[in-house]
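Here is what each chain is made of, one letter per residue.
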Amino acid sequence: MDALDQQLIGLLRTDARMSIATLAHKLKVSRGTVNNRITKLEDEGIIVGYTVRLRPDAQQNEIHAWISIAVEGNETRAVIATLLGEPGIEEIHDTNGRWDLLASLRATNLSELSSVLERIRLIKAIQNTETSIHLQTYRTSNKA
């Protein structure tokens, strides 16, 4: 990835619905260049999808939690591959320190959260987990 790719990704992170023409104008390149770059980034698996971000209070009844995961031995990649298929997981982060991975979870109720946690804990090579339920947000990013 070069500087243009980085700028393009930055613009898409700000607004993934920005038109090719607008992206081209902001980057001072042709629409064809932007279209080709996006296609290349998607084909190489750098851009893996587009999403909608909601205000934290838009889904008030939803449960948000974090699960810290310790992985046995050298099995982190295998565990991540399995976790990527879990619909209750919103994000997965590789970390340092006591825990190997940190995942953000969402569920519509406690029963659903319990099911997600049970499925995660049954994954081979997961040694230990610790879950914290998000109770209140006091500050969020200013990014839209």
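Just above, that's the structure.
These lines cover the structure that appears in this document, whether it is placed above or below. (Residues numbered from 1 in each chain as written. Predicted model: local features only at pLDDT ≥ 70, side-chain atom pairs only at ≥ 80, totals over all residues. Heavy atoms only, no water.)

1. Details of the overall build of the protein chain
In step 1: Scanning the protein chain from N- to C-terminus turns up five helices and four strands.
In step 2: Relative to the globule expectation of 15 Å for 144 residues, the C-alpha radius of gyration of the protein chain, 19 Å, shows a markedly less compact shape.
In step 3: Within the protein chain, the fraction of its 144 residues that count as buried is 29%.
In step 4: For the protein chain, the proportion of contacts with a sequence separation of at least 24, taken over those separated by at least 6, is 62%.
In step 5: With the model as given, the accessible surface of the protein chain reaches about 10400 Å², and the carbon-plus-sulfur share is 47%.
In step 6: Across the protein chain, 17 positive and 18 negative side-chain charges occur, with their mean positions spaced 8 Å apart. (Helix = DSSP H or I, 4+ residues; strand = E, 2+ residues; numbered from the N terminus. Rg over C-alpha atoms; globule rule 2.2 N^0.38 Å. Buried < 20%, exposed > 50% of the residue type's maximum accessible area, 1.4 Å probe, protein only. Contact = heavy atoms within 4.5 Å. Areas by Shrake-Rupley, 256 points an atom, 1.4 Å probe, with all protein chains shown as cover. Lys, Arg positive; Asp, Glu negative; His and termini not counted. Charge placed at Lys NZ, Arg CZ, Asp CG, Glu CD.)

2. Observations concerning the side chain of Thr129
In step 1: If you trace the backbone, Thr129 turns up in strand β4 (residues 126-133).
In step 2: Polar contacts involving the side chain of Thr129 include one to the side chain of Arg121, which spans 3.1 Å.
In step 3: Excluding anything up to four places from it in sequence, Thr129 contacts Ile67, Ser68, Ile69, Trp99 and Arg121. (Polar contact = N/O pair within 3.5 Å; in protein donor to acceptor, adjacent residues only side chain to side chain.)

3. Things to note about the sheet that holds strand β2 (residues 89-94)
In step 1: Pairing is antiparallel in the open sheet, where four strands are placed in the order β2-β3-β1-β4. Every interior strand has two partners, whereas the edge strands, β2 and β4, have only one. Shown here is a sheet whose adjacent strand axes are inclined to one another by a mean of 20°, direction ignored.
In step 2: Sheet topology note: the strand β1 (residues 63-71)/strand β3 (residues 101-107) ladder contains seven bridges and is antiparallel. (Pairing = 2+ DSSP bridges. Axes fitted to C-alpha atoms, helices over the stretch in contact; angles between N-to-C directions.)

4. Remarks on the environment of Leu4
In step 1: Tracing the chain through its elements places Leu4 in helix α1 (residues 3-14).
In step 2: When the C-alpha positions of Leu4 and Leu27 are compared, they lie 7.6 Å apart, and in sequence the two are 23 residues distant.
In step 3: When sequence neighbours within four positions are dropped, the list of residues in contact with Leu4 reads Leu27, Val29, Thr33 and Arg37.

5. Notes on the nonpolar core
In step 1: In this structure, Ile67, Ile69, Val79, Leu83, Leu105, Leu113 and Ile120 are the most contacted members of the largest nonpolar core, which totals 19 residues.
In step 2: Where this core is concerned, the elements lending two or more residues are β1, α4 (76-83), β3 and α5 (110-121).
In step 3: Examining the composition of this core, we find that five residues originate from one element, β1, more than from any other.
In step 4: Once residues lying within four places of it in the same chain are set aside, the contact partners of Val79 are Val71, Leu101, Ile123, Lys124, Ala125 and Ile126.
In step 5: Among the nonpolar cores identified, the runner-up in size contains 13 residues, and Ile9, Leu11, Leu23 and Leu27 belong to it. (Core = buried A, V, L, I, M, F, W, Y, C linked by side-chain atoms within 4.5 Å.)

6. A closer look at the pattern of salt bridges
In step 1: In the structure shown here, the tally under the stated rule is six salt bridges.
In step 2: When the shortest N-O distance is used, the salt bridge between Arg37 and Asp2 registers 2.8 Å. Taken as a pair, Arg37 in helix α3 (residues 31-43) and Asp2 in the segment before α1 lie far apart in primary sequence, 35 residues in all.
In step 3: In this structure Asp2 comes out as partly exposed when scored by relative accessible area, which is 35%. (Salt bridge = Lys/Arg side-chain N within 4 Å of Asp/Glu carboxyl O.)

7. Examining the pairing of β3
In step 1: Summarising burial for β3: five of the seven residues are buried, a large majority.
In step 2: Alignment of β2 against β3, held across five bridges, turns out to be antiparallel. Paired with Ile89 across the bridge in β3 is Leu105.
In step 3: Following β2, the chain reverses through six residues before pairing antiparallel with β3; Gly97 in that reversal takes a positive phi of roughly 95°.

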